[in-house]
Amino acid sequence: MHDHEHQHSHVPTGRHALITVLIITATVLISELVGALWSGSLALLVDAGHMLVDSSGLVIALIAAHLMARPRSDTHTWGFRRSEILAAALQAGMLLIICSLALIEGIRRLITPEPVTAGIMMIFAIIGLLGNLVGMAVLFGSRSHNLNLKAAFLEVTADTLGSVFVLIAAAITHLTGFDRADALASLAIAAIMAPRAIHLMRQSAHILLAAAPKELDLAEVRQHILDIDHVIDCHDLHAATIATGLHTLTAHVTVDAECMRSGHSIDILHQLQDCVAQHFPVSIEHSTFQLDTPEHRAHESLRH
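In this text the structure is predicted, and so the values were computed from the model without any measurement. (Residues numbered from 1 in each chain as written. Predicted model: local features only at pLDDT ≥ 70, side-chain atom pairs only at ≥ 80, totals over all residues. Heavy atoms only, no water.)

J.: Is there a simple way to think about the overall build of the protein in this case?
T.: Each helix and strand counted, the protein has nine helices and three strands in total. Starting at the N terminus and ending at the C terminus, the protein contains elements arranged as α-α-α-α-α-α-α-β-β-α-α-β. (Helix = DSSP H or I, 4+ residues; strand = E, 2+ residues; numbered from the N terminus.)

Right under this line is the structure:
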């Protein structure tokens, strides 16, 4: 007996952690909005906008976490695991919009600075910093479970850095009267948001476009397959990531016609599945191989 069991049921979604962080983030968001309107600080307003995006992102992440836990069916054969990728892409898109708005307004205020109330700005920056530190602590242990939780953790981390920049700008303004420090802080917050958003968008797009896992060299996989006894050719080789930690691979493998007649082909199939599950940085438990003979090649329409 040779059994390759594929488990879909248990998916770490981190829903309780996400709910906790959403409550914290929403509280900090309200306080920063009040502080921004009271003090006139653009940096605090940009950070509040960042928090608004993050709150929306956390709601999206919670919806995705709920969908990920739903069982697969004949209609959705992978369940809703890929919802985490869609959630991450949406969060990245929202962050890029906030970055663009912060850049435009920050440059405008550099040219034409507006007065801010540094003391009030500092108080609300401290409130934001403490709230974000708690949020980071809540998500720290589950951040590597999937792309959805990773996105949420990175958002809270960026919020923490944003609060630090606001606090520094408030201190500089209070000590020196340099009002442009507020605009510079808002640009700095946008600068730390943008690379994270771009990286998250690229990761999401890589998966959504069904690209091969970055850790997997398909040329090496093909060579491993060709090194198996009685294997003549390997073609139509495809690999993709469905969701975090869930990878698939399919291939057409041509073997000696004698192997098919003698029943030895089942041993080759075992070797193929064991190979892709054990020999590479990415373990592929979901593999599908079509074994054929050289005579069958004339019946194939797909050629890669």
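Continuing now.
J.: Looking at this structure, I do not really get the state of the cysteines. What am I missing?
T.: Simply put, the disulfide is a covalent bond whose two ends are the sulfur atoms of two cysteines. Scanning the entire structure with this criterion turns up zero disulfides. Free of any disulfide, Cys234 has its nearest neighbouring cysteine sulfur in Cys275, separated by 10.0 Å. The buried category is assigned to Cys234, whose relative accessible area is 5%. (Disulfide = S-S within 2.5 Å. Buried < 20%, exposed > 50% of the residue type's maximum accessible area, 1.4 Å probe, protein only.)

J.: Sorry, what's going on with a nonpolar patch on the surface here?
T.: A contiguous nonpolar patch, built from Val164, Ile168, Ile172, Phe178 and Leu184 and spanning about 390 Å² of accessible area, is present on the exposed surface. Looking at the nonpolar patch element by element, the count peaks at three residues for helix α5 (residues 147-176). Following the sequence through the fold, Ile172 ends up in helix α5. On the basis of relative accessible area, Ile172 is assigned to the partly exposed category, the value being 36%. (Patch = residues over 30% accessible without salt bridge, like charges linked within 9 Å, V, L, I, M, F, W, Y side chains within 5 Å. Areas by Shrake-Rupley, 256 points an atom, 1.4 Å probe, with all protein chains shown as cover. Salt bridge = Lys/Arg side-chain N within 4 Å of Asp/Glu carboxyl O.)

J.: Explanation requested: the pairing of strand β1 (residues 231-243) in the structure shown.
T.: Remember that side chains alternate between the two faces of the sheet whenever the strand is regular. Burial within β1 is extensive, with ten of its 13 residues counted as buried. Here β1 pairs with strand β2 (residues 246-255) via nine bridges, running antiparallel. Bridging across to β2, Ala239 finds its partner in Leu249. Linkage of β1 to β2, two consecutive antiparallel strands, is achieved through a turn of two residues, within which Gly245 is found at a positive phi near 75 degrees. (Pairing = 2+ DSSP bridges.)

J.: Would you explain the nonpolar core in this entry?
T.: Considering soluble globular proteins, one finds that nonpolar side chains tend to be buried as a cluster. Grouped together as the largest cluster of nonpolar side chains are 24 residues, with contacts concentrated most on Met121, Val166 and Met193. Contributions of two or more residues to this core are made by α2 (42-68), α3 (83-111), α4 (118-140), α5 and α6 (180-208). Ranked by residues supplied to this core, first place goes to α6 with six residues. What Val166 contacts, discounting residues up to four positions off in sequence, is Ala43, Leu44, Asp47, Met121, Ala125 and Ile189. One finds Val255, Phe280, Ile284 and Phe289 within the second-largest nonpolar core, a separate group that totals 22 residues. (Core = buried A, V, L, I, M, F, W, Y, C linked by side-chain atoms within 4.5 Å. Contact = heavy atoms within 4.5 Å.)

J.: Just checking my understanding: could you explain the pattern of salt bridges for this structure?
T.: Two side chains that carry opposite charge are able to pair once their charged atoms sit near each other. Taken as a whole and judged by the stated rule, the model has five salt bridges. For Arg108, the salt bridge goes to Glu105, with nearest N and O atoms at 2.7 Å. Taken together, the residues Arg108 and Glu105, both in helix α3 and three residues apart, mark about one turn of the helix. Looking at Arg108, the relative accessible area reads 37%, which means it is partly exposed. What you see here is one network of salt bridges that share partners, running through Glu105, Arg108, Arg109, Glu114 and Asp182.

J.: Looking at this structure, I do not really get the environment of His264. What am I missing?
T.: Assignment of secondary structure puts His264 in the loop between α8 (257-262) and α9 (265-278). The partly exposed category is assigned to His264, whose relative accessible area is 27%. Along the primary structure His264 and His230 are separated by 34 residues, whereas in three dimensions their C-alpha atoms are 9.4 Å apart. His264 has contacts with His230 and Cys259, leaving out every residue within four places of it along the chain.

J.: Before we go on, may I ask you to explain the sheet that holds β1 in this structure?
T.: The strands that make up a sheet are held in pairs by hydrogen bonds between backbone atoms, and each pair lies either parallel or antiparallel. Here three strands make up an open sheet; going across it, the order is β1-β2-β3 and the pairing mixed. Of all the strands in the sheet, the pair left with one neighbour each is β1 and β3 (286-292). Between one strand axis and the next, the sheet turns by 10 degrees as a mean value, whatever way the strands run. Along the sheet, helix α7 (residues 218-226) makes contact with β1, β2 and β3, crossing β1 at roughly 140 degrees. Relative to the sheet, α9 contacts β1, β2 and β3, its axis offset from that of β3 by approximately 150 degrees. (Axes fitted to C-alpha atoms, helices over the stretch in contact; angles between N-to-C directions.)

J.: Would you mind showing me how to read the side chain of Asn132 here?
T.: By the secondary structure assignment, Asn132 is in helix α4. Excluding residues within four positions of it along the chain, Asn132 makes contact with Met51, Val156, Asp159, Thr160 and Ser163.

J.: Just checking my understanding: could you explain the packing of α3 against α6 for this structure?
T.: It is at 7 Å that the axes of α3 and α6 come closest, and there the two elements cross at 155 degrees. The orientation of α3 with respect to α6, classified from their angle, is roughly antiparallel. Considering the relative orientation of α3 and α6, their crossing is left-handed. For the contact of α3 with α6, the residue count by class is 26 nonpolar, four polar and four charged. (Parallel < 35°, antiparallel > 145°, perpendicular 65-115°, else oblique. Left-handed = near helix turned anticlockwise from the far one by under 90°. Nonpolar A, V, L, I, M, F, W, Y, C, P; charged D, E, K, R; others polar.)

J.: How should I be thinking about the environment of Phe140 in this particular structure?
T.: Within the secondary structure, Phe140 sits in helix α4. Taking the C-alpha atoms as reference points, Phe140 and Leu154, separated by 14 residues in sequence, lie 9.9 Å from one another.

J.: What exactly am I supposed to notice about α4 here?
T.: At 3.6 residues per turn, the α-helix brings residues three or four places apart onto the same side. Taking 1.5 Å of rise per residue, the 23 residues of α4 would be expected to cover 33 Å, and the 32 Å separating its terminal C-alpha atoms lies within 8% of that figure. Ala118, Ile120, Met121, Phe124, Ala125, Gly128, Leu129, Gly131, Asn132, Gly135 and Leu139 are the residues of α4 that are buried. (Expected span 1.5 Å × (residues − 1).)

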